[in-house]
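# Residue-level structural notes
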Amino acid sequence: MRAIWKGAVSFGLVSIGVKLYSATEEKDIRFHQVHRDDGGRIRYKRTCSVCGEEVSYDDIAKGYDLGGGEMVILTDADFADLPLTSSRAIDVLEFVPAEQVDPILYNKAYFLEPEGTATKPYVLLRDALADSERVAIVKVALRQREQLATLRVRDGVLLLNTMLWPDEVRTPDFGFLDEDLKVRPPELAMAASLIDSMAGEFQPDAFTDDYRAALQEVIDAKVEGREVVQPAEEEAAPAAAVDLMAALKASVERARVARGEAPSGGAGEPTPISSARSAKQTAKKTTAGRATAKKTTAKQTEPAKKAEPAKKTAAKKTTEKKATRTPAKKTAEKKTAPRRSA
């Protein structure tokens, strides 16, 4: 890391020399504007809107628009007279409980590293601040601007969080805030149950930027000359439910199932999710039953088909036997008949 600022933390009569480093970085994938035909970079010229000439950096000043076409021009000499340009101090103003600082005020984070022989007082301030369970409210001048900030301890290092000024936070002005909307107690209780079912410990590493990962994969595929595969589309979110209680109940059950818990049972009214699950299980059982019955029928039919030729053979033998015995019977009858007298 490269230090972007050097100064000192003023802690009462103690001065602690420090270096300032950016504690965060954006992982966004950046692109250049290029010519579609040949990939050439697009360049912009700084031209004056009055004379049309190209202007170099040395001839550029800062202007404050008064409106109506009037402009106040400020030069480097005007800024040189301000006390902030040479200020290199982080002045500790007071120590307050961390929960009293609204997170909306936080802007950017910086690490502080002790410089030179300032390690001992740095560690002293760090340990005292950690033991107090408070954060230090400080003022610091960065990039020609005075900023409010906090000092706290993170991973054994002093962390400076710059803050917005109170007048930089907008006041919400929405029409629904003036409406007399009342939430029924059962709806509030079900919403609280949903919150409880989705409660957990915050682990930042469990969340990823899926869009950035997919975009990087597309870029890598372009580089390697591979065919770019279109990522699978996510399942569309269900339409908003008209019945708020039904939607809350379904959400609670889905959260329980996602956490590996058994779905809520009992004789209560089934939720849309439990009804759908029961219908799915019934359909599976019906299909399995039909398949079993089909197999049984096929088994019973098969022996019957095999027995049919045997039946025909037996019938054939019986017929032959009858045919063989018929002449013998007639001969016996002939011998038994009485003789007639002459």
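Structure shown above.
The rules behind these values
Residues numbered from 1 in each chain as written. Predicted model: local features only at pLDDT ≥ 70, side-chain atom pairs only at ≥ 80, totals over all residues. Heavy atoms only, no water. Pairing = 2+ DSSP bridges. Helix = DSSP H or I, 4+ residues; strand = E, 2+ residues; numbered from the N terminus. Phe/Tyr/Trp six-rings, centres within 6.5 Å; stacked < 30°, edge-to-face > 60°. Lys NZ or Arg CZ within 6 Å of the ring centre and 35° of its normal. Salt bridge = Lys/Arg side-chain N within 4 Å of Asp/Glu carboxyl O. Buried < 20%, exposed > 50% of the residue type's maximum accessible area, 1.4 Å probe, protein only. Axes fitted to C-alpha atoms, helices over the stretch in contact; angles between N-to-C directions. Parallel < 35°, antiparallel > 145°, perpendicular 65-115°, else oblique. Left-handed = near helix turned anticlockwise from the far one by under 90°. Contact = heavy atoms within 4.5 Å. Nonpolar A, V, L, I, M, F, W, Y, C, P; charged D, E, K, R; others polar. Patch = residues over 30% accessible without salt bridge, like charges linked within 9 Å, V, L, I, M, F, W, Y side chains within 5 Å. Areas by Shrake-Rupley, 256 points an atom, 1.4 Å probe, with all protein chains shown as cover. Core = buried A, V, L, I, M, F, W, Y, C linked by side-chain atoms within 4.5 Å.

### Focus: the pairing of strand β4 (residues 70–74)
In this sheet, β4 lies alongside strand β3 (residues 62–67) in antiparallel orientation, the contact comprising five bridges. Residue pairing for β4: Lys62 is matched across the bridge by Leu74. Taken together, β3 and the strand that follows it, β4, pair antiparallel across an intervening segment of two residues, in which Gly68 is found at a positive phi of about 70°.

### Focus: the packing of aromatic side chains
Following the criterion strictly, the structure yields three aromatic pairs and no others. Consider the rings of Phe11 and Phe95, whose centres lie 6.0 Å apart with planes at 85°: the pair is edge-to-face. Of the two residues, Phe11 is situated in strand β1 (residues 5–11) and Phe95 in strand β5 (residues 89–97); the sequence distance between them amounts to 84 residues. Here Phe174 and Phe176 contribute two aromatic rings whose centre-to-centre distance is 6.3 Å and whose plane-to-plane angle is 15°, an arrangement assigned as stacked. Geometry around Tyr57 places Arg46 over its ring, the cationic atom sitting 4.0 Å from the centre. Stacked on the ring of Tyr110, the Lys or Arg Lys108 has its end atom at 5.9 Å from the ring centre.

### So, the pattern of salt bridges
Inspection of the entire model under this criterion finds eight salt bridges. With its nearest N and O atoms 3.0 Å apart, the salt bridge here joins Arg126 to Asp127. When the shortest N-O distance is used, the salt bridge between Asp155 and Arg154 registers 3.0 Å. Residue Arg154 is classed as partly exposed on the basis of its relative accessible area of 41%.

### Thoughts on the packing of helix α3 (residues 185–197) against helix α5 (residues 244–258)
Put simply, α3 and α5 touch, their axes get as near as 9 Å, and they point 20° apart. Of the possible angle classes, the one that applies to α3 and α5 is roughly parallel. Judged by the twist between their axes, the crossing of α3 over α5 is left-handed. Residue-level contacts link Pro186, Glu187, Met190, Ala191, Ser193, Leu194 and Ser197 of α3 to Leu244, Met245, Leu248, Lys249, Ser251, Val252, Ala255 and Arg256 of α5. Here the residues of the contact of α3 with α5 sort into nine nonpolar, three polar and three charged.

### Focus: unusual backbone geometry
A positive phi angle, near 55°, is found at Glu133, a position not held by glycine. Relative to the assigned elements, Glu133 resides in the loop between α2 (119–132) and β7 (134–141). Positive phi values are uncommon outside glycine, yet Asp155 reaches one of about 55°. Tracing the backbone through its elements, the reader meets Asp155 in the loop between β8 (146–154) and β9 (157–163). Residue Asp155 is classed as exposed on the basis of its relative accessible area, which comes to 66%.

### Concerning a nonpolar patch on the surface
On the surface, a cluster of nonpolar side chains totalling about 370 Å² of accessible area is made up of Tyr64, Leu66, Val72 and Leu74. Those elements that provide at least two residues to the nonpolar patch are β3 and β4. Here Leu74 lies in strand β4. Here Leu74 falls in the partly exposed class, since its relative accessible area comes to 33%.

### Points about the sheet that holds strand β2 (residues 14–22)
Strand order in this closed barrel of seven strands is β1-β2-β6-β9-β8-β7-β5, and the pairing throughout is mixed. Between one strand axis and the next, the sheet turns through 40° on average, direction left out of account. Alignment of strand β6 (residues 106–114) against β9, held across five bridges, turns out to be antiparallel. Bridged to Ala109 within β9 is Asn161. Seen against the sheet, α2 touches β1, β2, β5, β6, β7, β8 and β9 and runs at an angle of roughly 70° to β9.

### Topic: the nonpolar core
Membership of the largest hydrophobic core comes to 21 residues, with the highest contact counts inside it found for Val9, Val18, Ile90, Leu112, Val138, Leu151 and Leu160. If you list the elements that add at least two residues to this core, you get β1, β2, β5, β6, α2, β7, β8 and β9. If we skip the residues at most four places from it in the chain, Val18 touches Trp5, Lys6, Gly7, Ala8, Val9, Ile90, Leu112, Glu113, Glu115 and Tyr122. Ranked by size, the runner-up nonpolar core spans seven residues in total, among them Leu105, Ile137, Leu148 and Met163.

### Quick word on the environment of Leu93
Relative to the helices and strands, Leu93 is located in strand β5. Counting along the chain gives 45 residues from Leu93 to Val138, while the straight-line C-alpha distance between them is 5.3 Å. Ignoring sequence-local partners within four residues, the contact set of Leu93 consists of Ile137, Val138 and Lys139.

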